[in-house]
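In case you want the letters, here they are:
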Amino acid sequence: TIKRITAPEIAARKGGEPIVVLTSYHAQSAALVDPHVDVLMVGDSLGMVMHGLDTTVPVPLDLMIAHAQAVVRGSERALVVVDMPFGSYEESPAVAFRNASRIMKETGCGAVKLEGGVQMAETIAFLTARGIPVMAHIGMTPQAVNQLGGFAARGRRQAEWARFEQDAQAVAEAGAFAVVIEAVAEGLAARITQEIPIPTIGIGASPECDGQVLVLEDMLGLSPRVPKFVKEYAELRTAVEGAVKAYARDVRGRAFPAEEHTYSTLEEVPEALKK
Ligand code: KIV
Ligand code: NA
């Protein structure tokens, strides 16, 4: 039996209590976040956050799998959703299935996510008909950064709304169990949430979405620059800097390690040498 939250359970929460999603890239953060969220998202944003890439475009499938394995090991309750990286699904439904099934088999995650609307509907239908739950991702789709010319918000003019609404309808009809809507005008995200039967997960979207997602490092205040849509719930960058500076001062001043951080010898000291 499945002890974790499942994709169908997330789908059933349309219009209900908001769905809580955070990214996680490794076992320790997964264990910390798992008790408090519904979904742990192994986002390809890990390429930028963990590996210093400028975009998510170069992220390899094997890297996604390695991080996803760690997140599954570190958690027990949340649904783990793993991003399919650029180049691993666009070519054809068959290629997408081959790579999505690798992700499912090698990591033990509960679902995959891929970017695209109308253009990816056929692929989403192919995967969902074959046992792979798919979360879609529309609006500002970072893997298309070279086509879009940057990470700017989409649908800021109402004349552009129809195509994003079509994307949302298409992924819902294709069988996606939920859809991430990233960086679009608030009114557009609210409208799509009303129009489609599956949960919308907003990031830079609308409080009316059926759930919200943020990148963990961004909301913890670890990222040097964050988009407008991020709320920083902690200032860990400052905390880390303070701890590292204090450690460096202690090492240089021989204040660390102190006696409680060192090991005593275990041999009996010969009587003759005592006192
Ligand atoms: O890569 C990522 O982290 C994501 C989520 C923020 C939705 O796609
Ligand atoms: Na992503």
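This structure is a prediction, so every number in the text was calculated from the model and none was measured.

*Asks:* What is the right way to read the UniProt feature "binding site: 3-methyl-2-oxobutanoate" (unreviewed entry) in the protein from this model?
*Replies:* Taken from the UniProt record, the annotation "binding site: 3-methyl-2-oxobutanoate" (unreviewed entry) applies to D44, S45, D83 and K113. These annotated residues cover 70 residues of sequence, and their C-alpha atoms all fall within 12.5 Å of one another, placing them together at a single site. By the secondary structure assignment, D44 is in the loop between β2 (39-42) and α3 (46-49). In contact with D44, other than residues within four places in its own chain, are T56, V59, M64, D83 and P85. Given 24 C-beta atoms within 10 Å, K113 falls into the buried group. Setting aside residues no more than four positions away along its own chain, K113 makes contact with V81, D83, M84, M135, H137 and V180.

*Asks:* Would you explain the domain arrangement of the protein in this entry?
*Replies:* The parts lose accessible area when they come together, and the size of an interface is often stated as this lost area. Assigned domains of the protein: these are domain 1 (7-234) and domain 2 (239-273). Each of domain 1 and domain 2 has a C-alpha centre, and these two points are 46 Å apart.

*Asks:* For this particular structure, what's the right way to read the site of ligand 1?
*Replies:* Near ligand 1 the following residues occur: T23, M41, G43, D44, S45, D83, H137, V180, I203, V213 and V215. Residue classes in the shell around ligand 1 are distributed as five nonpolar, four polar and two charged.

*Asks:* Whenever I open this one, helix α8 (residues 161-174) confuses me. Can you help?
*Replies:* One turn of the α-helix equals 3.6 residues, which is why residues spaced by three or four share an orientation. For α8, spanning 14 residues, the distance from its first C-alpha to its last is 20 Å, which sits close to the expected 20 Å at 1.5 Å a residue. Regarding α8, the residues found buried are F164, D167, A168, A170, V171, A172 and A174. The positive-phi residue at the C-terminal boundary of α8 is G175, with phi of around 110 degrees.

*Asks:* Is there a simple way to explain the nonpolar core in this structure?
*Replies:* Nonpolar side chains tend to gather and get buried jointly when the protein is soluble and globular. Ranked by size, the top nonpolar core spans 72 residues in total, and within it L40, V80, V81, V171, A176 and V179 carry the most contacts. At six residues, the largest contribution of residues to this core is made by α8. Among all residues touching V179, those that are not within four sequence positions of it are M135, A136, H137, I138, A168, V171, I198, T200 and I201.

*Asks:* What should I look at first to understand the pairing of strand β3 (residues 79-83) in this one?
*Replies:* Two faces make up the sheet, and in a regular strand the side chains alternate between them. Burial analysis of β3 places five of its five residues in the buried class, the great majority of the element. Of the two faces of β3, the one lined by L79, V81 and D83 and the one lined by V80 and V82 are each fully buried. Relative to β3, β2 runs parallel, the two being bridged by four bridges. When the sheet's bridge partners are listed, V39 is paired in β3 with L79. Here β3 pairs with strand β4 (residues 111-115) via three bridges, running parallel. Looking at the pairing, V82 lines up with V112 of β4.

*Asks:* Would you take a moment to explain the environment of F177 for this structure?
*Replies:* With respect to the helices, strands and loops of the structure, F177 is situated in the loop between α8 and β6 (178-182). Residues F177 and I198, 21 residues apart in the sequence, show an inter-C-alpha distance of 6.1 Å. If we skip the residues at most four places from it in the chain, F177 touches A7, P8, I10, A11, A111, P133, V134, M135 and I198.

*Asks:* How should I be thinking about the UniProt feature "active site" (unreviewed entry) in the protein in this particular structure?
*Replies:* The UniProt record marks E182 with the feature "active site" (unreviewed entry), using the residue numbering of this structure. When the 23 C-beta atoms within 10 Å are taken as the criterion, E182 is described as buried. Sequence-distant contacts of E182, defined by excluding residues within four places in its chain, comprise H137, G139, M140, I203, G204 and A205.

*Asks:* What am I meant to see in the sheet that holds strand β1 (residues 19-23) here?
*Replies:* Within a beta sheet, neighbouring strands are joined by backbone hydrogen bonds and run either parallel or antiparallel to one another. Spatial ordering of the closed barrel is given by β1-β2-β3-β4-β5-β6-β7-β8, a layout of eight strands whose pairing is parallel. Within the sheet, the average angular offset between the axes of one strand and its neighbour, ignoring direction, is 25 degrees. Sheet strands in contact with helix α4 (residues 61-74) are β2 and β3, and its direction is about 170 degrees off that of β3. Its contacts with the sheet place helix α9 (residues 186-195) against β6 and β7 (200-203), and it is angled at close to 170 degrees to β7.

*Asks:* What am I meant to see in the pairing of strand β5 (residues 134-139) here?
*Replies:* Among the six residues that make up β5, six are buried, leaving the element largely enclosed by the rest of the structure. Residues V134, A136 and I138 of β5 are buried on one face, and the alternating residues M135, H137 and G139, pointing to the opposite face, are buried as well. Bridge count between β4 and β5: four bridges; the pairing is parallel. Across the sheet, E115 pairs through a bridge with H137, a residue of β5. Pairing of β5 with β6, which is carried by five bridges, proceeds in the parallel orientation. Bridged to A136 within β6 is V179.

Reading the values: the criteria
Residues numbered from 1 in each chain as written. Chains lettered and ligands numbered in written order. Predicted model: local features only at pLDDT ≥ 70, side-chain atom pairs only at ≥ 80, totals over all residues. UniProt positions renumbered as here; feature names shortened; annotations may be inferred. Helix = DSSP H or I, 4+ residues; strand = E, 2+ residues; numbered from the N terminus. Contact = placed C-beta atoms within 7 Å. Buried ≥ 20, exposed ≤ 12 C-beta atoms within 10 Å, placed from the backbone. Domains from an automatic or database assignment. Near = placed C-beta within 6 Å. Nonpolar A, V, L, I, M, F, W, Y, C, P; charged D, E, K, R; others polar. Expected span 1.5 Å × (residues − 1). Core = buried A, V, L, I, M, F, W, Y, C linked by C-beta atoms within 7 Å. Pairing = 2+ DSSP bridges. Axes fitted to C-alpha atoms, helices over the stretch in contact; angles between N-to-C directions.

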